[in-house]
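Residue strings, one per chain:
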Amino acid sequence: MLKSFPQISTNIRDLDLRGTAIEQVPLSIMSWPRLDELKMSYFENLKEFPHVLERITGLWLTDTEIQDVPPLVKEISRLNQFFLKGCRKLVSVPRISDSIHSIFASDCESLEILECSFPDPKVWLYFANCFKLNQEARDLIIQTNSRYAVLPGTQVPAYFTHRATGGGPLTIKLTENPLPISTRFKACILLLNKGDHDACSKKKSMRVVVGCKHKTESLYPPLAEHLYTFPFKAEVTSSELHFEFKLNRDDIWKIGECGLVQDLEEVP
């Protein structure tokens, strides 16, 4: 119900306007010295105050009927969080700021095309239930050097040079001489359920964790016939490394396939 911008300190660091009906954002926001985060929901009034575009860091477009991402999104140079949840008619995502570090496009059932790139090696990519993604978009999500990614899939792509059914085991022979102290890999897990899709859907919020050696990773949101990718580092004790992935619980979920590819790019 909030329509007027409140009287607040100009020294705040985080301003969240999502879910409000604010009709005007003051020009003074341009000079607020400590404002690091400005989160907004997209609505028509946004185009009425373009002076905020260079201060926005998070933008939410959820459950809307839009077919195209508004052109002004390209002008948000500091955008690092972009939410497109439930935009069921959205077909493509244009190029957005290179500062992006997380994009949530779950339940965008018509989404096919990604014209953007993701240069940040720690980017998080959520494309759950985006079943119409074309091959180019799928390759981009899979091959981007991301911190985490999820997208629909029925098999581990050939990009992962070492693949196995179930959780493995996988054996990788290292050819470096001398051997490194450790080496990085990118993993891919195909998550399936054990036949009862109704039981699976009732437990979507359940925390599913996959483990390999001393590394664990949450598979979120847990969905059948979805691929999950994440990096991890392994200590090198010999020229042959052995891996096997296991879920923390297996009453509903199972690993359909797993894959690994050696990651030569160091990620913090």
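Scope of this entry: the structure provided in the associated data block. Just so it is clear, the structure is predicted and the values come from calculations on it, not from any experiment.

## Here's the deal with the pattern of salt bridges
Stage number 1. Scanning the model with the defined rule gives ten salt bridges in all.
Stage number 2. Where Arg 18 meets Asp 16, a salt bridge forms, and the shortest distance between an N and an O atom there is 2.6 Å.
Stage number 3. Classification of Asp 16 by relative accessible area gives partly exposed; the value is 37%.
Stage number 4. One salt-bridge network, in which partners are shared between bridges, spans Arg 147, Lys 215 and Glu 217.

## Focus: the sheet that holds strand β6 (residues 102-104)
Stage number 1. The eleven strands are arranged β1-β2-β3-β4-β6-β8-β9-β15-β12-β18-β10 in an open sheet whose pairing can be described as mixed. In this open sheet, the two edge strands, each paired with only one partner strand, are β1 (14-16) and β10 (162-165). Strand after strand, the sheet turns through a mean of 15° between neighbouring axes, direction not considered.
Stage number 2. Looking at chain direction, strand β2 (residues 37-41) and strand β3 (residues 58-60) are connected through three bridges and run parallel. Bridged to Lys 39 within β3 is Gly 58.

## Some thoughts on the sheet that holds strand β17 (residues 246-247)
Stage number 1. Taken together, the three strands give an open sheet; going across it, the order is β14-β13-β17, and neighbouring strands pair in antiparallel fashion. Lying at the two open borders of the sheet, with one neighbouring strand each, are β14 (215-219) and β17.
Stage number 2. Two elements, strand β13 (residues 208-212) and β17, share two bridges in a ladder whose sense is antiparallel. Note on β17: the bridge partner recorded for Gly 211 is Lys 246.

## Re the nonpolar core
Stage number 1. Residues Leu 59, Phe 82, Leu 84, Leu 111 and Phe 127 are the most contacted members of the largest nonpolar core, which totals 53 residues.
Stage number 2. Broken down by secondary-structure element, the contributors of at least two residues to this core are β2, α1 (135-143), β9 (148-152) and β12 (182-193).
Stage number 3. Leu 111 has contacts with Leu 90, Val 91, Ser 92, Val 93, Ala 105, Phe 127, Cys 130, Lys 132 and Leu 133, leaving out every residue within four places of it along the chain.
Stage number 4. Within the second largest apolar cluster, 32 residues are counted, among which are Tyr 126, Leu 174, Leu 223 and Leu 247.

Basis of the calculations
- Residues numbered from 1 in each chain as written.
- Predicted model: local features only at pLDDT ≥ 70, side-chain atom pairs only at ≥ 80, totals over all residues.
- Heavy atoms only, no water.
- Salt bridge = Lys/Arg side-chain N within 4 Å of Asp/Glu carboxyl O.
- Buried < 20%, exposed > 50% of the residue type's maximum accessible area, 1.4 Å probe, protein only.
- Pairing = 2+ DSSP bridges.
- Helix = DSSP H or I, 4+ residues; strand = E, 2+ residues; numbered from the N terminus.
- Axes fitted to C-alpha atoms, helices over the stretch in contact; angles between N-to-C directions.
- Core = buried A, V, L, I, M, F, W, Y, C linked by side-chain atoms within 4.5 Å.
- Contact = heavy atoms within 4.5 Å.

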